[in-house]
Amino acid sequence: MVSALLGHNPRLVPARVTCSFKQAWADVAKLVDAADLKSASRRGVRVRVPPSAPNLRLEVHKLHLWRGDRHLLRGLSFALDPGSTLQLLWPNGTGKTSLLRCLAGFLHAEEGQIRWGGVSVRADRDAFHWDMAYLGHDTALKADLTALENLRFACALRVPRGEVPLQAALDSVGLSKIDPRQPVRSLSAGQQRRVALARLSLWDAKLWLLDEPASNLDAAGQAVLEALLKAHMESGGAAILATHHALALPQAHCRLWQSPSDPA
Amino acid sequence: MSASRASTASAALAVLRRDLLLAVRRPGEWLQPLAFFVLVTVLFPLAVDPEPSRLRQLAPAALWVTLLLSSLLALEFLFREDRRDGTLEQYLVSGQSFTALLVAKTATHWLLTGLPLVLVGPLAALSLGAPPQALPGVCVALLLGSVSLSLIGAIGAGLTLGARSGGALLSLLVLPLVMPVLVFGARATQLAIAGDEAASALYLLAAIGALSLTLAPLAAAAAVRISLE
Amino acid sequence: MNWVWFHRFGSPPYFYRFAGRWAPWFLGISLVLLAVGLYGGLVLAPADYFQSDVYRIIFVHVPSAYLSLMTYTWMAIAAAVGLIWRIKIAHAVAAACAPAGASFTAVSLVTGMIWGQPTWGTYWAWDPRIVSQLFVLFFFLGYIALRGAIDDRDRADRASAVLAIVGVINVPIVHYSVDWWNSLHQGPTLMKSGGLRYRCRWRGHCW
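Residues numbered from 1 in each chain as written. Chains lettered and ligands numbered in written order. Predicted model: local features only at pLDDT ≥ 70, side-chain atom pairs only at ≥ 80, totals over all residues.

A.B. asks: How do you make sense of the overall build of chain A when you look at a structure like this?
C.D. replies: Scanning chain A from N- to C-terminus turns up nine helices and nine strands. Residue burial in chain A is summarised as follows: out of 264 residues, 36% are buried. Nonlocal contacts in chain A, meaning residues at least 24 apart in sequence, comprise 70% of its contacts between residues at least 6 apart. (Helix = DSSP H or I, 4+ residues; strand = E, 2+ residues; numbered from the N terminus. Buried ≥ 20, exposed ≤ 12 C-beta atoms within 10 Å, placed from the backbone. Contact = placed C-beta atoms within 7 Å.)

As structure tokens, then:
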């Protein structure tokens, strides 16, 4: 920009100035991106990577996260291969939820890199979100709608219109016997969690970020969660779980992580 | 990786449809502001001398201040429920344009709380002594004004999402922002009731509407995003 | 050019040390300048032909009106910088602007009222400038209230920054809407030269 103004004479323009100009411009572009303008225009011309292509690996490199005055995550690095899970067993208050929320894009990491399939997630947040599903403490179910209506809406948000096996998904989480007209409000907390798990299975996401997925679940419910996770891993999906429940998952592909100070 | 994804338009439409369905299941949220609007406009003639000429003078002010207050009441419901049950988080990570989904929410909110006020407004104006030939002007003013109120109000609703105190803070933030809407809306209504040409005020009202349609959703999306941090 | 000396101000500990060291000096300088200004305004300046000594309130009124708008703009710039580049110290600057700006606005409004009584015969006129100044005060108060109502400091910083930016876009709209509000009686004659000249002359009287 500056060099254009000065007639392309490189000697007149110190490299540092052009750099900082570029940097500032990139920063403004980032803000515009945050405001969704850029990603909206990008969405129109995106060429989707075919499903067979690259290794969708999640790489986290030297992630630093502050919450207020607390330096919560101090240079966290790990990688997650397709078809494997990582279970966070960190003690309470050490940042399990914050890590998941940071990966999902709610929280801003002060430093570090998060790469998905070799591409920084900040470069194309939407593409990452398309491959990702997040299940937090809140189930994001509407209490006044029925389970099927909730699932139908959740699919309309992400999956193109067509036949989606909603009832089959409900059956697979053991909710085949509930009254179809029953609003979610009248379901128990564990049943609501199961509806949320059914939604997860319908989204067809490659990376699951699950925060306390087993809360309120009984033994049968936990088995449902394990079955879902196994099917997800077998189809090449990856998952990060923040839970202290012992889950029966294939040992070879499931890593346990005891404390953020340990290497992953 | 799924081969294809729902388009932003269909996702936004889904948000709209679901919020309408929810409103049918739970009518209180949008009926209450409407009832408030009717009630307060009825109270005005009782509070002042119900002599027609004086009422007519008072009508624009009564109509617009009441409209402002009832849309403020309705604004509190805009994002609160979705934030509480985690729906907003899911919108943010859906891979769809967050702004577009929030615009769909705001549009639903306007359909449920703004449009009824626009439809009831002419009746309220009649009861306040406006002549029937003034009603088209009043209607257009209410229509343009209520759209801007919903869009600008969404910024305030987003900003107060993470705040401790809701209602009073919301009015403190939103009322200074929507003051121009009140000014031009009331002036257009006044001109229409007096039988004058209201076009100039309506143009300005439309200009504010266009401005808020382009800029307010961005600010509202930024505000909601921050409340989810 | 080497900008390291400047970038260092972005670090809160460095900035607080720097500010703590210099604050007393700036306080001293400002007190001296204040005394000089007061002497100039109250003693050196001759009495006005029409208003005699009443006009001297201009030396408080006008600077505080300037400062209130300048502080507002400054607050919005700092907020935008903090929002875009996530610089904590910028948010601190914006937060520090709010109470100062609110008090300048209040001072300009109150001195305006005191001045208005002897010159216009009323404490309050619905002049565009007065009304927009009042709304600037409401913005400052809303900003302070929003900051106070959010517990998480980072979120409070960023949410109030959005409000400051929205507000700075809104201030001219508020000003012109009150301006046109008065002239809308004449409908389409809004932009005629006569109307404008009339308003300009009136404005000359206000200050």
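Read on for the rest.
A.B. asks: Honestly, the sheet that holds strand β1 (residues 58-67) of chain A in this entry has me stumped. Any pointers?
C.D. replies: Either a parallel or an antiparallel arrangement is found when strands of a sheet pair, and the pairing is made through backbone hydrogen bonds. Residues and elements named next belong to chain A. The four strands are arranged β2-β1-β4-β5 in an open sheet whose pairing can be described as antiparallel. Two strands in the sheet have a free side with no partner beyond their single neighbour: β2 (70-80) and β5 (119-120). In this sheet, β5 lies alongside strand β4 (residues 111-116) in antiparallel orientation, the contact comprising two bridges. By the bridge assignment, W116 is partnered in β5 with V119. (Pairing = 2+ DSSP bridges.)

A.B. asks: Can you help me understand the interface of chain B and chain C in this one?
C.D. replies: The accessible area lost on association of the parts is a frequent measure of interface size. In this assembly, 27 residues from chain B lie in contact with 28 residues from chain C. Here the element with the most residues in the side of chain B that touches chain C is helix α8 (residues 167-193) of chain B; it accounts for ten residues. Split by residue class, the side of chain B that touches chain C holds 18 nonpolar, four polar and five charged. (Nonpolar A, V, L, I, M, F, W, Y, C, P; charged D, E, K, R; others polar.)

A.B. asks: Is there a simple way to think about the nonpolar core in this case?
C.D. replies: Most often, soluble globular proteins have nonpolar side chains that are buried together. Core analysis: the biggest nonpolar cluster contains 183 residues, and L209(A), A223(B), L146(C) and V162(C) have the highest contact counts within it. Dropping the residues within four chain positions of it, L146(C) is found in contact with L159(B), A163(B), L169(B), L173(B), A159(C), S160(C) and L163(C). (Core = buried A, V, L, I, M, F, W, Y, C linked by C-beta atoms within 7 Å.)

A.B. asks: Would you take a moment to explain the interface of chain B and chain A for this structure?
C.D. replies: Between chain B and chain A, the contact holds 33 residues from the first and 35 residues from the second. Top element by residues in the side of chain B that touches chain A is helix α1 (residues 8-25) of chain B. It accounts for eight residues. Of the residues contributing to the side of chain B that touches chain A, the split by class is 14 nonpolar, twelve polar and seven charged.

A.B. asks: Sorry, what's going on with the pairing of strand β8 (residues 238-242) of chain A here?
C.D. replies: Looking along a regular strand, one sees side chains alternate from face to face of the sheet. Residues and elements named next belong to chain A. Burial analysis of β8 places five of its five residues in the buried class, the great majority of the element. The alternating pattern of β8 places A238, I240 and A242 and A239 and L241 on opposite faces, both of which are buried. Note: strand β3 (residues 85-88) against β8, four bridges, orientation parallel. Bridged to T85 within β8 is A239. Pairing analysis gives five bridges linking strand β7 (residues 207-211) to β8, with the strands arranged parallel. Paired with L207 across the two strands is A238, which belongs to β8.

A.B. asks: Quick question: what am I supposed to make of the packing of helix α7 (residues 135-159) of chain B against α8(B) here?
C.D. replies: Residues and elements named next belong to chain B. One way to put it is that α7 packs onto α8 with a least axis distance of 9 Å and a crossing angle of 175 degrees. The angle between α7 and α8 places the two elements in the roughly antiparallel class. Between α7, through G137, V138, A141, G145, S148, L149, I152, G153, G156, A157 and L159, and α8, the contact on the second element is made entirely by L170, L173, V174, L177, V178, V181, G185, A188, T189 and A192. Across the contact of α7 with α8, the residue classes break down as 14 nonpolar, seven polar and no charged. (Axes fitted to C-alpha atoms, helices over the stretch in contact; angles between N-to-C directions. Parallel < 35°, antiparallel > 145°, perpendicular 65-115°, else oblique.)

A.B. asks: Looking at this structure, how should I read unusual backbone geometry?
C.D. replies: In terms of backbone geometry, most residues other than glycine have negative phi values and most peptide bonds are trans. Residues and elements named next belong to chain A. At D204, a position not held by glycine, the phi torsion is positive, near 60 degrees. In this fold, D204 is placed in the loop between α8 (189-203) and β7. On the neighbour-count criterion, D204 (19 C-beta atoms within 10 Å) is partly exposed. Of note, the phi angle at N216 is positive, near 70 degrees, even though the residue is not glycine.

A.B. asks: Whenever I open this one, the domain arrangement of chain C confuses me. Can you help?
C.D. replies: Residue and element names in this part refer to chain C. We note that the domain assignment places domain 1 (1-45) and domain 2 (57-206) within chain C. Contact with domain 1, which involves six residues of that partner, is made by four residues of domain 2. Per-class residue counts for the side of domain 1 that touches domain 2 are three nonpolar, three polar and no charged. (Domains from an automatic or database assignment.)

A.B. asks: Help me understand the confidence of the model for chain A, please; the structure alone is not making it clear to me.
C.D. replies: Fine structural detail should not be taken from predicted coordinates in areas where pLDDT scores are low. Residues and elements named next belong to chain A. This prediction gives chain A a mean pLDDT of 81; 79% of its residues lie at or above 70. In the predicted structure, residues 1-20 sits below a pLDDT of 50 and forms twelve contacts with residues beyond four places in sequence or in another chain. Note that pLDDT drops below 50 for residues 35-53; the model gives that stretch 21 contacts with residues more than four away or on any other chain. (pLDDT = per-residue confidence, 0-100.)

A.B. asks: Would you mind showing me how to read the sheet that holds strand β9 (residues 254-257) of chain A here?
C.D. replies: All names here are of chain A. Strand order in the open sheet formed by five strands is β6-β7-β8-β3-β9, and the pairing between neighbours is parallel. On the outer flanks of this sheet lie β6 (132-135) and β9, each paired with one strand and no other. With strand direction ignored, the average angle separating the axes of adjacent strands in the sheet is 10 degrees. With four bridges connecting them, β3 and β9 associate as parallel partners. Bridge assignment links L86 to a residue of β9, and that residue is R255.

A.B. asks: Explain the packing of α1(B) against helix α6 (residues 98-127) of chain B here, please?
C.D. replies: Angle between the axes and distance between the axes are the two parameters that describe a pair of packed helices. All names here are of chain B. Running from amino to carboxyl end, α1 crosses α6 at an angle of 35 degrees, the nearest separation of the two axes being 9 Å. The crossing of α1 and α6 is right-handed. Judged by residue contacts, T8, A11, A12, V15, L16, D19, L20 and A23 of α1 engage A100, L101, V103, A104, K105, A107, T108 and L112 from α6. Looking at side-chain class alone, the contact of α1 with α6 contains twelve nonpolar, two polar and two charged residues. (Left-handed = near helix turned anticlockwise from the far one by under 90°.)

A.B. asks: For this particular structure, what's the right way to read helix α6 (residues 147-158) of chain A?
C.D. replies: Note on helix geometry: an α-helix contains 3.6 residues per turn, so any two residues three or four positions apart are oriented the same way. For α6(A), which comprises twelve residues, the first-to-last C-alpha distance of 17 Å matches the rise-based estimate of 16 Å (1.5 Å per residue) to within 8%. In terms of burial, α6(A) is a largely internal element, nine of the twelve residues being buried. Buried within α6(A) we find A147(A), E149(A), N150(A), L151(A), F153(A), A154(A), C155(A), L157(A) and R158(A). Turning to α6(A), the residues buried within the fold contact α7 (166-172) and α8 of chain A together with α1 of chain B. (Expected span 1.5 Å × (residues − 1).)

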